[in-house]
Amino acid sequence: MTAILETTGLTKIFGGLTAVDNVTLSVQQGEIFGIIGPNGAGKTTFLNAIAGTYKPDGGRVHFLGRDTTGISPDKMCRMGMARTFQISQPFPKMTALENVLVSATFGHRGEHHAHDLALQMLDFVEFPMPVDTPARNLNTVQLKRLDLARALASKPRLLLLDELAAGLTTGELGDLMTIIRKIRDSGVTIILIEHIMRVIMGLSDRIAVIYYGAKIADGPTMEVAQDPRVAEAYLGEEYDL
Ligand SMILES: Nc1ncnc2c1ncn2[C@@H]1O[C@H](COP(=O)(O)OP(=O)(O)OP(=O)(O)O)[C@@H](O)[C@H]1O
Ligand SMILES: [Mg+2]
């Protein structure tokens, strides 16, 4: 197996708070890598530190074999790292298709090609509405699919999903999980941050547990789920690992 992403001692500090504390982990090409941890554990900050949104205060990030520590988000995107955000932020007045086009044209593709690509990606995520629907008229589950199509239109090698399943009904979760598997099967490696255990356990090949900024466990999903330190970290939380 080849690592697509490696962090070594990754650290991010806000004032006196070490939000990401010396995190070393490696994500293998082709896997779905889950990240779990209580609210405020540092999961989103970790994503921000690898995607270039925040410059780390310590440690290194290697993506596709290159040292990408501190590189800007648009360069990371060009290199093949895409993401969805915990709170969906489409351009509300633009249509679904136009939203996807923004990211499809980002790589300076020809207009024609970008248009085809955007339609293809909406089709791939089984976008359930006419593509000329304004984004502000979409409901939660439709927005999640739009977010995925936008991220995929940059043709990523690694896709970072930050609590994509939040707010969905049980039936909607199953559909979303099918699409996430389909994305992985198309050759995209995925980092999945998620609170919903059914989603994490059902999708992840391996998981890491972040607690107060630090990684307290990682490994194959079932092994980590049975780790007593993980159960301890979740005491008082809603999880049942
Ligand atoms: N830009 C910022 N400035 C200052 N503190 C921040 C900033 N972003 C995050 N934090 C703090 O860093 C810690 C980690 O936050 P983060 O959002 O990474 O947690 P999380 O694990 O994603 O939580 P959740 O599950 O609630 O999304 C929290 O204490 C948070 O308040
Ligand atoms: Mg978060």
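A brief structural summary.

The rules behind these values
Residues numbered from 1 in each chain as written. Chains lettered and ligands numbered in written order. Predicted model: local features only at pLDDT ≥ 70, side-chain atom pairs only at ≥ 80, totals over all residues. Heavy atoms only, no water. Pairing = 2+ DSSP bridges. Helix = DSSP H or I, 4+ residues; strand = E, 2+ residues; numbered from the N terminus. Donors = N, O, S within 2.8 Å, 3.2 Å for Na, K, Ca; no water. Buried < 20%, exposed > 50% of the residue type's maximum accessible area, 1.4 Å probe, protein only. Axes fitted to C-alpha atoms, helices over the stretch in contact; angles between N-to-C directions. Near = heavy atom within 4 Å. Polar contact = N/O pair within 3.5 Å; in protein donor to acceptor, adjacent residues only side chain to side chain. Salt bridge = Lys/Arg side-chain N within 4 Å of Asp/Glu carboxyl O.

### With respect to the sheet that holds strand 1 (residues 3–14)
At step 1: Taking strand neighbours across the sheet as the criterion, the 4 strands line up as 2-1-4-5 in an open arrangement whose pairing is antiparallel. For this open sheet the edge positions go to strand 2 (17–28) and strand 5 (66–67), each flanked by a neighbour on one side alone.

### Thoughts on the coordination of the magnesium ion (ligand 2)
At step 1: Protein ligation of the magnesium ion (ligand 2) involves Thr44 (OG1) and Gln86 (OE1), the donor distances falling in the range 2.0 to 2.4 Å. Within this pair, whereas threonine 44 is found in helix 1 (residues 43–51), its partner glutamine 86 is found in the loop between strand 6 (81–83) and helix 3 (96–104), the two being separated by 42 residues in sequence.
At step 2: Note on glutamine 86: relative accessible area 40%, which makes it partly exposed.

### Thoughts on the sheet that holds strand 7 (residues 158–162)
At step 1: With mixed pairing, 6 strands are arranged side by side in an open sheet as 6-7-8-3-9-10. Each edge of the sheet is formed by a strand with only one pairing partner; in this case those strands are strand 6 and strand 10 (214–220). If you compare each strand with its neighbour and ignore which way they point, the axes differ by 15° on average.
At step 2: Where strand 3 (residues 32–36) and strand 9 (residues 206–211) come together, 4 bridges link them in parallel fashion. Among the inter-strand pairings, isoleucine 36 is bridged to a residue of strand 9, identified as valine 209.

### A short note on unusual backbone geometry
At step 1: Not every positive phi belongs to a glycine, and glutamate 126 is a case in point at roughly 55°.
At step 2: Looking at the secondary structure, you find glutamate 126 in the loop between helix 4 (111–124) and helix 5 (140–152).
At step 3: Positive phi, normally seen in glycine, also occurs at glutamate 163, with a value near 55°.
At step 4: Here glutamate 163 is to be found in the loop between strand 7 and helix 6 (170–185).

### Focus: the site of ligand 1
At step 1: Around ligand 1 lies a shell of 15 residues, among which Gly40, Lys43, Thr44, Thr45 and Gln86 are the nearest.
At step 2: One nitrogen or oxygen atom from the main chain of alanine 41 is found 3.1 Å from an oxygen atom belonging to ligand 1.
At step 3: At 3.1 Å from a nitrogen atom of ligand 1 is found a side-chain nitrogen or oxygen belonging to tyrosine 54.
At step 4: Put simply, the parts of the chain that give the shell around ligand 1 at least two residues each are strand 2 and helix 1.
At step 5: Broken down by element, the shell around ligand 1 gets its largest block of residues, 3 residues, from helix 1.

### Some points on the pattern of salt bridges
At step 1: The full count for this structure, using the stated rule, is 7 salt bridges.
At step 2: Glutamate 31 serves as the salt-bridge partner of arginine 206, at 2.8 Å between the closest nitrogen and oxygen. Taken together, the residues span a long stretch of sequence, with arginine 206 in strand 9 and glutamate 31 in the loop between strand 2 and strand 3 at a distance of 175 residues.
At step 3: With a relative accessible area of 3%, glutamate 31 lands in the buried category.
At step 4: Between lysine 215 and aspartate 218 there is a salt bridge whose closest N-O contact spans 3.0 Å.
At step 5: Look at lysine 215 and you get partly exposed, because its relative accessible area is 29%.
At step 6: Classification of aspartate 218 as partly exposed rests on a relative accessible area of 32%.
At step 7: One continuous salt-bridge network, built from bridges that share partners, spans Arg184, Asp185 and Asp205.

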